[in-house]
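# Descriptive analysis of the structure
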Amino acid sequence: MKQARPWPAFSVTAKAQHSLESGHPWVYDTEITAAPETLPAPGDIVDLFGPKGAWLGAGFYSPSSKIRVRVVSRNANDKLDAAFWRRRLQYAWDYRKAILVPAELRCCRIVFGEADSLPGLTIDRFEDVLVAQVLSVGMEKLQAVLFEQLAEILAADGLPVRGIYLRNDVALRQREGLEEGKGWYPLGGKTDFGPTVTEICENGVRYAVDFENGQKTGFFLDQKYNRQAVARLARGKRVLDCFTHTGSFALNAAYGGAEHVTAVDVSQAAVDMARANAVRNGLEDRMDFVCENVFDLLPRLEKEGCNYDFIILDPPAFTKSRKTTQNALRGYKEINYRAMKLLPRGGFLATASCSHFATEELFRKMLASAAADAHRSLRQIEARQQSPDHPILWNVEETDYLKFFLFQVV
């Protein structure tokens, strides 16, 4: 094993070498074949070498995780100093500026982990607040450098950052040997940056975003353009929005001219927030809100013969591991089957899955099976994915997670 640079050297299997050379950035614990006598500290940079001594890249070492090394550089000339990380952040921001219109930059994902070569780091922008999740020990060690630099980059574009809120209340951190928690990051030495609820505007619809207590970072930005597609189709229709969360699809449907929208969620707090967002947009007269489990609601509505001609299914991820994928697909099939049965011929269905493990192929097969059991045919209107500020790297399949279909049921 050759030592090309000053960092500790690890040797990996031929399988790992093939994966790295194909562009995937992870090396698993079982793929390490040789390590230095004195192991580096968690989050330190290490060099990776193939079985025949070829240098393959450098990345963060994580002794607590099955993902033992997350590659951050494939260029032997990279110094991995503060200037290197600033360039990475600038590349990520420049990409968003290239693919979004200026108004959309006010609320977007700025950093999407491996897709931006910043593994384990997610940063969303909600107006003047950044909300971050740090899910790798390497990024945890670097956050003081990264956060201050990102605030400077945005300020240089006339977008000052009021504060950075950490949503590190995520069980995945335990796999990296990190504690869970949430709160303001001490940007510029300050510790208090005001309220943890802010207002955003997306697609012309205004929302209150509770980034301290809301799911993930407080708001799901990845469905931005899918919500626009729903709004275009909703005019004049009676819409049922299942798993509404803070009401984003329901509000877009109402904003797009739906005759009436019913928004459903099992969480009373989510329903209350969705109702408040309807009032915020002056849409409450055409909307009602139900706190109920969708798995109970859909069969009940079918028995009652309720009259909806557009149903939206945007559930949370039913699986976060390969082992539970089949159980998840049964759950997806149940709600899609019920929705297809409930809709009249000629009705419309929007259906989504945000689970990476429920692949598009599996999701399509599930939908076909649900349609067959419901004695319905599906006329596909659109097949969509996550918004482009959540970029997909073709050689990192984990970045491709959101499936979204619009159908007419015939």
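Report follows, based on the coordinates. Counting of residues starts from 1 at the beginning of each chain's written sequence and follows it residue by residue. With pLDDT at 70 or above as the cut-off, local features in this predicted model cover only qualifying residues; side-chain atom pairs require 80 or more to be listed or tallied, and sums for whole chains, interfaces and linings still use all residues. Only hydrogens and water are set aside; all other atoms, that is, all heavy atoms of the structure, feed into the side-chain values.

## Overview of the packing of aromatic side chains
- Whether two aromatic rings pair depends on their centres lying within 6.5 Å, for rings of Phe, Tyr and Trp, where Trp uses its six-membered ring; planes under 30 degrees apart make the pair stacked, over 60 edge-to-face, and the rest tilted. Counted under the stated rule, the structure contains 19 aromatic pairs.
- Ring geometry for Trp184 versus Phe193: centroids 5.2 Å apart, planes at 45°, classification tilted. Across the pair, exposure class does not vary: Trp184 and Phe193 are buried alike.
- One aromatic cluster is present, formed by Phe243, Phe295, Phe318, Tyr332, Phe363, Phe405 and Phe407 through successive ring pairs.
- Here Arg227 stacks its cationic end above the ring of Phe249, 5.9 Å away from the centre of that ring. Buried, partly exposed and exposed residues are distinguished by accessible area as a fraction of the type maximum, computed with a 1.4 Å probe on protein chains only: under 20%, between the cut-offs, and over 50%, respectively. Put simply, a charge is over a ring when the Lys NZ or the Arg CZ is close to the ring centre, within 6 Å, and near the line of the ring normal, within 35 degrees.

## Describing the pattern of salt bridges
- One speaks of a salt bridge when a side-chain nitrogen belonging to Lys or Arg is within 4 Å of a carboxyl oxygen belonging to Asp or Glu. Under the counting rule described, the total for this entry stands at 28 salt bridges.
- Put simply, Asp29 and Arg68 hold a salt bridge, and the shortest N to O gap is 3.9 Å. Within this pair, whereas Asp29 is found in the loop between strand 2 (26–28) and strand 3 (32–34), its partner Arg68 is found in strand 6 (residues 67–73), the two being separated by 39 residues in sequence.
- By relative accessible area, which is 29% here, Asp29 ends up partly exposed.
- For Arg232, the salt bridge is made with Glu382, and the minimal N-O distance between the two is 3.7 Å. Taken together, the residues Arg232 in helix 5 (residues 224–234) and Glu382 in strand 19 (residues 378–384) connect sequence positions 150 residues apart.
- The class for Arg232 is exposed, based on a relative accessible area of 57%.
- Three or more residues are tied together by salt bridges with common partners; here these are Arg70, Glu114 and Glu176. Here a helix means four or more residues in a row that DSSP labels H or I, a strand means two or more in a row labelled E, and each is numbered from the N terminus.

## Observations regarding helix 3 (residues 137–156)
- Over its 20 residues, helix 3 runs 29 Å from end to end, which matches the ideal 28 Å to within 8%, given 1.5 Å per residue.
- Bend at a given residue is defined as the angle between two axes, one fitted to the seven residues that end at that position and one fitted to the seven that begin there. Largest kink in helix 3: about 60°, centred on Gln143.
- Turning to helix 3, its buried residues are Val137, Gly138, Met139, Leu142, Gln143, Leu146, Phe147, Gln149, Leu150, Ala151, Ile153 and Leu154.
- Here, residues are in contact when the closest pair of their heavy atoms is within 4.5 Å. Of the surrounding elements, those touching the buried residues of helix 3 are strand 5 (55–61), helix 2 (82–99), strand 7 (107–112), strand 8 (121–126), strand 9 (129–134) and strand 10 (163–168).
- One or two positions beyond helix 3, positive phi appears at Gly158, with a value near 75°. Multiplying one less than the number of residues by 1.5 Å gives the expected span of a helix.

## Some thoughts on the sheet that holds strand 7
- Taking strand neighbours across the sheet as the criterion, the five strands line up as 7-8-9-10-11 in an open arrangement whose pairing is mixed. Both outer strands of the open sheet, strand 7 and strand 11 (181–184), are each paired with one neighbouring strand and no more. Neighbour-to-neighbour, the strand axes of the sheet open up by a mean angle of 15°, direction not taken into account.
- Pairing analysis gives four bridges linking strand 9 to strand 10, with the strands arranged parallel. Paired with Leu130 across the two strands is Ile164, which belongs to strand 10. We treat two strands as partners when DSSP finds at least two bridges between them. Only the stretch in contact is used when fitting a helix axis, every axis being a line fitted to C-alpha atoms; angles between N-to-C directions are given from 0 to 180 degrees.

## Points about the packing of helix 8 (residues 294–304) against helix 9 (residues 325–342)
- Two numbers describe how helix 8 lies on helix 9: the axes approach to 9 Å, and their chain directions differ by 25°. Between helix 8 and helix 9, the crossing angle belongs to the class labelled roughly parallel. Of the two possible hands of crossing, helix 8 and helix 9 adopt the one that is left-handed. Contacts from Val294, Phe295, Leu298, Pro299, Leu301 and Glu302 in helix 8 reach Gly331, Glu334, Ile335, Arg338, Ala339, Lys341 and Leu342 in helix 9.
- Each residue gets one of three labels, nonpolar for Ala, Val, Leu, Ile, Met, Phe, Trp, Tyr, Cys and Pro, charged for Asp, Glu, Lys and Arg, and polar for the others, Gly among them. For the contact of helix 8 with helix 9, the residue count by class is eight nonpolar, one polar and four charged. For classification, angles of less than 35 degrees are called roughly parallel, those exceeding 145 degrees roughly antiparallel, those between 65 and 115 degrees roughly perpendicular, and all remaining angles oblique. Left-handed describes a crossing in which the near helix is turned anticlockwise from the far one by less than a right angle; the clockwise case is right-handed.

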